[in-house]
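# Coordinates in review
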Amino acid sequence: MEVRVQNIRKEFGRFPALDDVSLNIRSGELIALLGPSGSGKTTLLRLVAGLESPTDGTIFFGDEDASQKTVQERNIGFVFQHYALFRHMTVLDNVAFGLKVRPANRRPPAADIRKRALDLIDLVQLSGLEKRYPAQLSGGQRQRVALARAMAVEPNVLLLDEPFGALDAQVRKELRRWLREIHDRTGHTTIFVTHDQEEALELADRVVVMSKGTIEQVGTPDEIYDHPVSPFVYGFIGQSNALAVTLANGEIWFEDRPIGLRAPTEPDGPATLYFRPHDIELIDGCGGCLAGLVTASRRVAGTRHLELDLGRNHPHAEIELPPERTTTQDRARVAFRPTKWKLFRDEKAGNEVPSADVEAEAPVQPFELARTGT
Amino acid sequence: MSPDLATAAHHVRAATSESRFARLSLIAAALAFVALFLLLPLAAVFTEALRKGPAEFLSALGDAETFSAIRLTLIVAAIAVPLNLVFGVAAAWAIAKFEFIGKAFLTTLIDLPFSVSPVISGLVFVLLFGSHSLIGPWLQSHGIQILFAVPGLVLATVFVTFPFVARELIPLMQEQGTSDEEAALSLGASGWQTFWHVTLPNIKWGLLYGVLLCNARAMGEFGAVSVVSGHIRGQTNTMPLQVEILYNEYNFVAAFAVATLLALLALVTLVLKTALELRYSAEIAASRRH
């Protein structure tokens, strides 16, 4: 079912957890709400579920206004971060709970309930464990019981709060792939919350990046990674470098020299240059480049990471090179130029600490250029 | 023993362990204390009661006034314990699952009966309902008897035993949080269904503990009940009060005979509690952690 969130605002006391958030979720989509803690992603999920009520705004399920309905009437499936399985019930009773508590006129016969619950237990690959109690299951198994229980009520939309947060890395990876399979097979509209970008980018059809109660960007994993629309997204998703630069006559200057990048339509003034560590090329002679001294070199899996000290005020940048590059001795000088980059007009929002007013300061037409000359 | 061996022996013992001597003397001290202050008095109660033989013991229990005291104690407990069961669950629910102004104050208030002397608790009701109080004359003119009657006894008992159920449940419910309830609601369960099928099973062992302790105290309460009872023989004397009266009349066998009943109540409570713990230890542990 299609879910539309319109101009939702939510305040806890005087603290605004969500500020004018709108989002359209297509039917059958698997969508991730991604953001650091305190970004409002869980609040948004709980608002869609009906576990919280919005201060302002409307939520539509299809064409129906769901915001006036209670959580029971919305018919959603919610998987809680710590599963919230009923500990005194067996796996079978847990999964059947949503059907058993229906009023008599909508409740299937007991035999049907049992069959449906067993089918779901089979779907989540827990056949044979239906008589176990939650305490007798591993974390991954509990997670799957929670999912089966949520799906038993044939929900309009499936909501998962940090579904893999409490699991160790190996199980997490397996369950991720498995959740994608289940989703493709059952076709439920699914929203999940995560702070793990890898999880969001790998699993979701579309990713909603949130920060400080607002939506920064909505897009496919490719769009989010390759075309971030704000400094926050640039900094939050993947690795990135942020350098304070100056524009003069369409040329980008770093400290006292042009670096060989042009932004001809930009007015003069300060800006911040963003680029990813792997989107660079090394240059031999430096007739317009960034150059710095190597301060640290780390081998990370298939690449070599170099940390550079870029000059007078010692701003740091990190670049990635193929591991066979040997210009890695300490204090060696490396000259390079970003091949893909983006310019944001703001007051020096560092990539670790995005400034609060990033959204308000609409970035001037961020654009990317292939490199221009040498 | 060489220094090397000495350090080796030293290493064998776990860091938190003590020498044999220290362990034995600690255990002996604890056992001596228990024997002196718990077992000895208990034994004394039974020997005094049976000093003149079982026949005397039984006839003392068969006395009409004693019988009425037993009946009254059971009636008071039968009213006070269910009331506190409901109050306790409601208060614990409110404190553990909701945020509201004055929550800290309410939590402190629940503990009040523990910190106030029972005699004062009784006096409060005398001041409230006595003939010189504000509502005393009104009650009298309408023929409602609260002091020196069953209602007063029940009120005093409810007041004194109020914290037991709530105290047992609040930490348990706080630890369990609200996500189980949210899960049930999200699956379409109504408020009552959620309470019966999810909340109540989650707290049942804690609740049972609370009720057991509450009941033991309700039947054994002396101070508060003594103030509001009026000591009318055969009418407003509960078992503890009856023990005092008999003792003051030098009727030691009868006094200790009634006391054995109270002691037995304590023992039964203890045995029940232990039996529950043994039988359901796994489940109790599971309902305490997540």
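Residues numbered from 1 in each chain as written. Chains lettered and ligands numbered in written order. Predicted model: local features only at pLDDT ≥ 70, side-chain atom pairs only at ≥ 80, totals over all residues.

Within chain B, the secondary structure is distributed over 13 helices and zero strands. Reading the secondary structure of chain B in the N-to-C direction produces α-α-α-α-α-α-α-α-α-α-α-α-α. For 290 residues, the compact-globule formula gives about 19 Å, and the C-alpha radius of gyration of chain B, at 25 Å, lies well above that figure. Once the C-alpha set of chain B is aligned to its principal axes, its extents read approximately 85 × 65 × 30 Å. (Helix = DSSP H or I, 4+ residues; strand = E, 2+ residues; numbered from the N terminus. Rg over C-alpha atoms; globule rule 2.2 N^0.38 Å.)

Strands in a sheet are paired, the pairing made by backbone hydrogen bonds, and the direction either parallel or antiparallel. Residue and element names in this part refer to chain A. Strand order in the open sheet made by the four strands is 2-1-4-5, with antiparallel pairing throughout. In this open sheet, the two strands that pair with only one neighbour each are strand 2 (15–25) and strand 5 (64–65). With two bridges joining them, strand 4 (residues 56–61) and strand 5 adopt antiparallel strand pairing. Opposite F61, over in strand 5, you have E64 as the bridge partner. Contacts between helix 1 (residues 41–49) and the sheet are confined to strand 1 (3–12), strand 2 and strand 4, with strand 1 contributing the most and set at about 115° to the helix. (Pairing = 2+ DSSP bridges. Contact = placed C-beta atoms within 7 Å. Axes fitted to C-alpha atoms, helices over the stretch in contact; angles between N-to-C directions.)

Moving on, we come to the interface of chain A and chain B. If you look at the interface, chain A gives 18 residues, while chain B gives 16 residues. Contributions of two or more residues to the side of chain A that touches chain B are made by helix 2 (71–74), strand 6 (76–79) and helix 3 (91–100) of chain A. For the side of chain A that touches chain B, the residue count by class is twelve nonpolar, four polar and two charged. (Nonpolar A, V, L, I, M, F, W, Y, C, P; charged D, E, K, R; others polar.)

What follows is about the sheet that holds strand 11 (residues 241–248) of chain A. Residue and element names in this part refer to chain A. Reading across from one edge, 13-12-11-14-20 is the order of the five strands in this open sheet, with antiparallel pairing throughout. Both outer strands of the open sheet, strand 13 (257–262) and strand 20 (341–344), are each paired with one neighbouring strand and no more. Ignoring strand direction, the axes of neighbouring strands in this sheet form an average angle of 40°. The sheet contact formed by strand 11 and strand 12 (residues 251–254) spans three bridges and is antiparallel. When the bridges of strand 12 are listed, L247 appears paired with I252.

Let us look at the pairing of strand 1 of chain A. All names here are of chain A. Where strand 1 and strand 4 come together, five bridges link them in antiparallel fashion. Among the inter-strand pairings, V5 is bridged to a residue of strand 4, identified as I59. Judged from the seven bridges that link them, strand 1 and strand 2 form a sheet pairing that is antiparallel. In the strand pairing of strand 2, V3 is matched with I25.

Residues and elements named next belong to chain A. Viewed as axis vectors pointing N to C, helix 3 and helix 4 (residues 110–123) meet at an angle of 125°, and their least axial separation amounts to 9 Å. Here helix 3 is positioned oblique relative to helix 4, judged by the angle of their axes. Like other packed secondary-structure pairs, helix 3 and helix 4 cross with a definite hand, here right-handed. Along the contact surface, helix 3 presents V91, L92, V95, A96, L99 and K100, while helix 4 presents I113, R114, R116, A117, L120 and I121. (Parallel < 35°, antiparallel > 145°, perpendicular 65-115°, else oblique. Left-handed = near helix turned anticlockwise from the far one by under 90°.)

This part is about the pairing of strand 18 (residues 316–321) of chain A. Residue and element names in this part refer to chain A. Every second residue of strand 18 is oriented toward a common face, the buried set being A317, I319 and L321 and the non-buried set H316, E318 and E320. In this sheet, strand 18 lies alongside strand 17 (residues 303–309) in antiparallel orientation, the contact comprising six bridges. If you follow L306 over to strand 18, its bridge partner there is I319. (Buried ≥ 20, exposed ≤ 12 C-beta atoms within 10 Å, placed from the backbone.)

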